[in-house]
Amino acid sequence: MTLQTKMILLADGFRQRFNKTDQLSIDDMIKLVTPPPFKTTVLLNNTNAYYNSYTYPITVPDHITADIEITLTAKVLCNRLVTWHAALKDDSSNSREVKSKAMQGDYTSDSNALKLSFMIPKTDRTKYTQLSLACDPLDGCVIRGIKVVASAYMGVIKDLLSRLRLPHEEVVA
């Protein structure tokens, strides 16, 4: 079988699989099987004020094509020294958490707002539905506004649990 015959069979298979009737180049076939790149998405833009903590409804988009970074930018006012904790949660008990360094003062301008990031590998199929933001200790703070953005992460996520493989233990009778 010649290369040309094989390419015709391959194109026929693509036309049948993707319900196409026109001729397909190799580039056309690549486009048909390559998922689109992950697009930067604003997940939350809330300007309401909340004291000390709040849980926001959120939907992390499907990210099978890329590891993603969820970036939280919050305008906060801290009357005392606090640490901020953020958590992405699903409807069961799964969560991802990050925390800030200890901070005190006015962080309500764009240049000095609280910034936290979650790295989520494309292998993570968890359906996150909530984002919680809270200060510790739980008093003397105000969340003045929050923006959350999901974007493709170009680095390498070191998610030990998803990449760790343990050898099988041999059972001795």
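Residues numbered from 1 in each chain as written. Predicted model: local features only at pLDDT ≥ 70, side-chain atom pairs only at ≥ 80, totals over all residues. Heavy atoms only, no water.

Novice: Hey, could you run me through the pattern of salt bridges in this one?
Specialist: Side chains carrying opposite charge are able to pair once their charged atoms draw close together. Following the criterion strictly, the structure yields 5 salt bridges and no others. Put simply, aspartate 12 and arginine 15 hold a salt bridge, and the shortest N to O gap is 2.5 Å. Placement of both aspartate 12 and arginine 15 in helix H1 (residues 3-17) is noted, with a separation of 3 residues, approximately one turn of the helix. You can call aspartate 12 partly exposed: its relative accessible area is 36%. Classification of arginine 15 as buried rests on a relative accessible area of 18%. Taking the shortest distance from any N to any O, the salt bridge between arginine 125 and aspartate 62 comes out at 2.8 Å. (Salt bridge = Lys/Arg side-chain N within 4 Å of Asp/Glu carboxyl O. Helix = DSSP H or I, 4+ residues; strand = E, 2+ residues; numbered from the N terminus. Buried < 20%, exposed > 50% of the residue type's maximum accessible area, 1.4 Å probe, protein only.)

Novice: Even after reading the chapter, I still don't get empty space enclosed by the protein, so can you show me in this structure?
Specialist: Once rolled over the atoms, a probe with the size of a water molecule shows which space is left empty. One pass over the full model with this rule turns up 1 cavity of 30 Å³ or more. The calculated volume of the largest cavity comes to roughly 50 Å³. Lining the largest cavity are Val60, Pro61, Asp62, His63, Asp124, Arg125, Thr126 and Lys127. For the lining of the largest cavity, a count of residues per class yields 2 nonpolar, 2 polar and 4 charged. (1 Å grid on protein atoms, 1.4 Å probe; cavity = no way out; pocket = protein on both sides within 12 Å on 5 of 7 lines; lining within 4 Å. Points joined across faces, edges and corners; volume = space filled by probe spheres on them. Nonpolar A, V, L, I, M, F, W, Y, C, P; charged D, E, K, R; others polar.)

Novice: What is the right way to read the packing of H1 against helix H2 (residues 26-33) from this model?
Specialist: In helix packing, the relevant descriptors are the interaxial angle and the interaxial distance, both defined with respect to the helix axes. At a minimum axis separation of 11 Å, H1 and H2 run at an interaxial angle of 40 degrees. On the basis of the axis angle, H1 is oblique to H2. Considering only the axes of H1 and H2, their crossing is left-handed. Across from Met7, Leu10, Ala11 and Phe14 in H1, the residues of H2 making contact are Ile26, Met29, Leu32 and Val33. In terms of residue class, the contact of H1 with H2 is made up of 8 nonpolar, no polar and no charged. (Axes fitted to C-alpha atoms, helices over the stretch in contact; angles between N-to-C directions. Parallel < 35°, antiparallel > 145°, perpendicular 65-115°, else oblique. Left-handed = near helix turned anticlockwise from the far one by under 90°. Contact = heavy atoms within 4.5 Å.)

Novice: Can you help me understand the pairing of strand E8 (residues 130-136) in this one?
Specialist: Put simply, side chains in a regular strand alternate between the two faces of the sheet. Relative to E8, strand E3 (residues 53-57) is paired through 5 bridges, and the arrangement is antiparallel. From the neighbouring strand, tyrosine 56 faces E8, where its bridge partner is leucine 131. As paired strands, strand E4 (residues 68-89) and E8 are joined by 7 bridges and run antiparallel to one another. Note on E8: the bridge partner recorded for threonine 83 is aspartate 136. (Pairing = 2+ DSSP bridges.)

Novice: Would you mind showing me how to read the side chain of serine 132 here?
Specialist: Along the chain, serine 132 turns up in strand E8. Overall, the relative accessible area of 11% leaves serine 132 in the buried class. At 3.0 Å, the side chain of serine 132 and the side chain of threonine 55 are in polar contact. Those residues in contact with serine 132, other than ones at most four positions away along the chain, are Tyr54, Thr55, His85, Ala86, Ala87 and Lys89. (Polar contact = N/O pair within 3.5 Å; in protein donor to acceptor, adjacent residues only side chain to side chain.)

Novice: Explain unusual backbone geometry to me, please; I cannot follow it from the model alone.
Specialist: Most peptide bonds are trans, and most residues other than glycine sit at a negative phi. Looking along the chain, the bond that leaves aspartate 136 and enters proline 137 is cis, with omega of 5 degrees. Not every positive phi belongs to a glycine, and asparagine 19 is a case in point at roughly 55 degrees. Secondary-structure assignment places asparagine 19 in the loop between H1 and H2. Classification of asparagine 19 as exposed rests on a relative accessible area of 70%. Of note, the phi angle at asparagine 52 is positive, near 65 degrees, even though the residue is not glycine.

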